[in-house]
Amino acid sequence: KPSYAVLLRESIRMDNQENSAQINAIPADSQLIILRNPDGEKLIPTDNGILLDEWFAKRLSASVGDTVIVGDIPLTVTGIVREFVRSIQYVTPATAEKLGYDTVNAAVITVDPQADPETVYGAVGETEGFLYQTLTTDQKISVEIGFHPLNVVTYAYAAIAMLLGLIIIYNMVV
């Protein structure tokens, strides 16, 4: 059974505070992401709840038990997550569906350790909407699947930005 995540961006508000946030929807049994609170205890997302990272919780002045509004849906803060890299909030896939998101766009697939890595790598690469994969030594394959149309827009903007950069550099040299 693959572990997966649904990545979304949504506004979260509490009282008079409102901030845009990245939210990952992960199942309770996910092997993709293991969440811990500041004391190192494992956290599991629950339906109708949200796990806020420390930084985001401070911005909203939110703590465990508070109610925040995500989109138009009230959710209870069920835990505060220690995030070291960036600000990410966590919900379950059922909660993400209530918010209108249901596309899986990342997965970890565990395969037989005896399987031929090239065969597995090639089979996963044939997935529709496939962006990239990483094969680790313990035969776990990390896959990002790009079904979201914003990926195309993002790549287009990146290409335009690179072209504009080249034009600027050319004009500075000439």
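Throughout, a residue's number is its position along its own chain's written sequence, starting from 1. Given that this is a predicted model, residues contribute local features only at a pLDDT of at least 70 and side-chain atom pairs are listed and counted only at 80 or more, while totals for whole chains, interfaces and linings are drawn from all residues. Values reported for side chains reflect all heavy atoms of the structure, with hydrogen atoms and water molecules removed beforehand.

Chemist: I keep staring at the pairing of strand E8 (residues 88-91) and nothing clicks. Help me out?
Modeler: Regular strands show a simple pattern: their side chains alternate between the two faces of the sheet. Side-chain alternation along E8 places Ile 88 and Tyr 90 on one buried face and Gln 89 and Val 91 on a second face that is also buried. One bridge is not enough; two strands pair if DSSP finds at least two bridges between them. By definition, any uninterrupted DSSP run of H or I lasting at least four residues is a helix, any uninterrupted run of E lasting at least two residues is a strand, and each is numbered from the N terminus. With 4 bridges joining them, strand E2 (residues 17-25) and E8 adopt parallel strand pairing. Within the sheet, the bridge partner assigned to Asn 24 lies in E8 and is Tyr 90. Accessible area is worked out with a 1.4 Å probe on protein chains only. A residue is then buried under 20% of its type maximum, exposed over 50%, and partly exposed in between.

Chemist: Looking at this model, I keep getting lost on empty space enclosed by the protein. Mind explaining?
Modeler: If a probe as big as a water molecule is rolled over the atoms, it shows which places are left empty. The rule is simple: put a 1 Å grid over the protein atoms alone, call a set of points where a 1.4 Å probe fits but cannot get out a cavity, call an open set with protein on both sides within 12 Å along at least five of seven lines a pocket, and count a residue as lining if it has an atom within 4 Å of a point. Grid points are joined across faces, edges and corners, and a volume is the space filled by probe spheres set on the points. A full pass over the atoms with the stated rule returns 1 cavity of 30 Å³ or more. Roughly 50 Å³ of internal volume is contained in the largest cavity. Every residue along the wall of the largest cavity is listed here: Ile 26, Pro 27, Ala 28, Ser 30, Ile 33, Ile 34, Leu 35, Lys 42, Leu 43, Ile 44 and Pro 45. When residues are grouped by polarity, Ala, Val, Leu, Ile, Met, Phe, Trp, Tyr, Cys and Pro land in nonpolar, Asp, Glu, Lys and Arg in charged, and all others, Gly among them, in polar. Looking at the lining of the largest cavity, its residues break down into 9 nonpolar, 1 polar and 1 charged.

Chemist: Could you clarify how one ought to interpret the pattern of salt bridges in this entry?
Modeler: Where charged atoms of side chains with opposite charge meet at close range, the side chains can pair. Put simply, a salt bridge is a Lys or Arg side-chain nitrogen that is within 4 Å of an Asp or Glu carboxyl oxygen. By the definition in use, this model includes 1 salt bridge. Among the salt bridges present, the one from Arg 82 reaches Glu 54, with a minimum N-O distance of 3.1 Å. Taken as a pair, Arg 82 in the loop between strand E7 (73-81) and E8 and Glu 54 in helix H1 (residues 54-60) lie far apart in primary sequence, 28 residues in all. On the basis of relative accessible area, Glu 54 is assigned to the partly exposed category, the value being 26%.

Chemist: What should I look at first to understand the packing of aromatic side chains in this one?
Modeler: Where two aromatic rings form a pair, the distance of their centres and the angle of their planes describe that pair. Centres within 6.5 Å make a pair out of two Phe, Tyr or Trp rings, where for Trp the six-membered ring is used; the pair is then stacked when the planes are under 30 degrees apart, edge-to-face when over 60, and tilted otherwise. Inspection of every chain in the model, using the stated rule, returns 1 aromatic pair. Seen from their ring centres, Trp 55 and Phe 56 are 6.4 Å apart, and the 55 degrees between their planes marks the pair as tilted. Assessed through its relative accessible area of 49%, Trp 55 is described here as partly exposed. For Phe 56, a relative accessible area of 1% gives the class buried.

Chemist: Teacher, can you tell me more about unusual backbone geometry here?
Modeler: Excluding glycine, a negative phi dihedral is what most residues carry, and trans is how most peptide bonds are arranged. Unlike most non-glycine residues, Asp 15 shows phi in positive territory, near 55 degrees. On the secondary structure map, Asp 15 appears in the loop between strand E1 (3-14) and E2. When its relative accessible area of 73% is taken as the criterion, Asp 15 is described as exposed.

Chemist: Help me understand the nonpolar core in this model?
Modeler: Soluble, globular proteins show a tendency: their nonpolar side chains are buried together. We define the nonpolar core as a collection of buried residues of types Ala, Val, Leu, Ile, Met, Phe, Trp, Tyr and Cys that are connected through side-chain atoms lying within 4.5 Å of one another. Core analysis: the largest hydrophobic core is formed by 20 residues, its most contacted members being Ile 12, Ile 50, Leu 52, Val 68, Val 70 and Val 91. Among the secondary structure elements, those contributing two or more residues to this core are E1, E2, strand E5 (49-53), H1, strand E6 (67-70) and E7. Ranked by size, the runner-up nonpolar core spans 8 residues in total, among them Ile 33, Leu 35, Ile 88 and Tyr 90.

Chemist: It is not clear to me how the confidence of the model for the protein chain should be interpreted in this structure. Could you clarify?
Modeler: Any residue range with low pLDDT should be treated as having predicted coordinates unsuitable for detailed reading. In this model, the protein chain carries a mean pLDDT of 77, and residues with pLDDT of at least 70 account for 68%. The pLDDT value expresses, per residue, how confident the predictor is, ranging between 0 and 100. Per-residue pLDDT, averaged within each element of the protein chain, yields its smallest value for strand E11 (residues 140-145) (45) and its largest for E7 (95).

Chemist: Where do I start with the side chain of Ser 11 in this structure?
Modeler: Its location among the elements puts Ser 11 in strand E1. Polar side-chain contacts of Ser 11 include one of 2.5 Å to the side chain of Glu 18. Contacts are assigned to residue pairs with any non-hydrogen atoms lying within 4.5 Å of each other. Ignoring any residue separated from it by four or fewer positions in sequence, one finds Ser 11 in contact with Glu 18, Asn 19, Ser 20, Ile 69, Val 70 and Gly 71. Under the rule applied, a polar contact is a pair of N or O atoms within 3.5 Å (in protein, one hydrogen donor and one hydrogen acceptor; residues adjacent in sequence only if both atoms are side-chain atoms).

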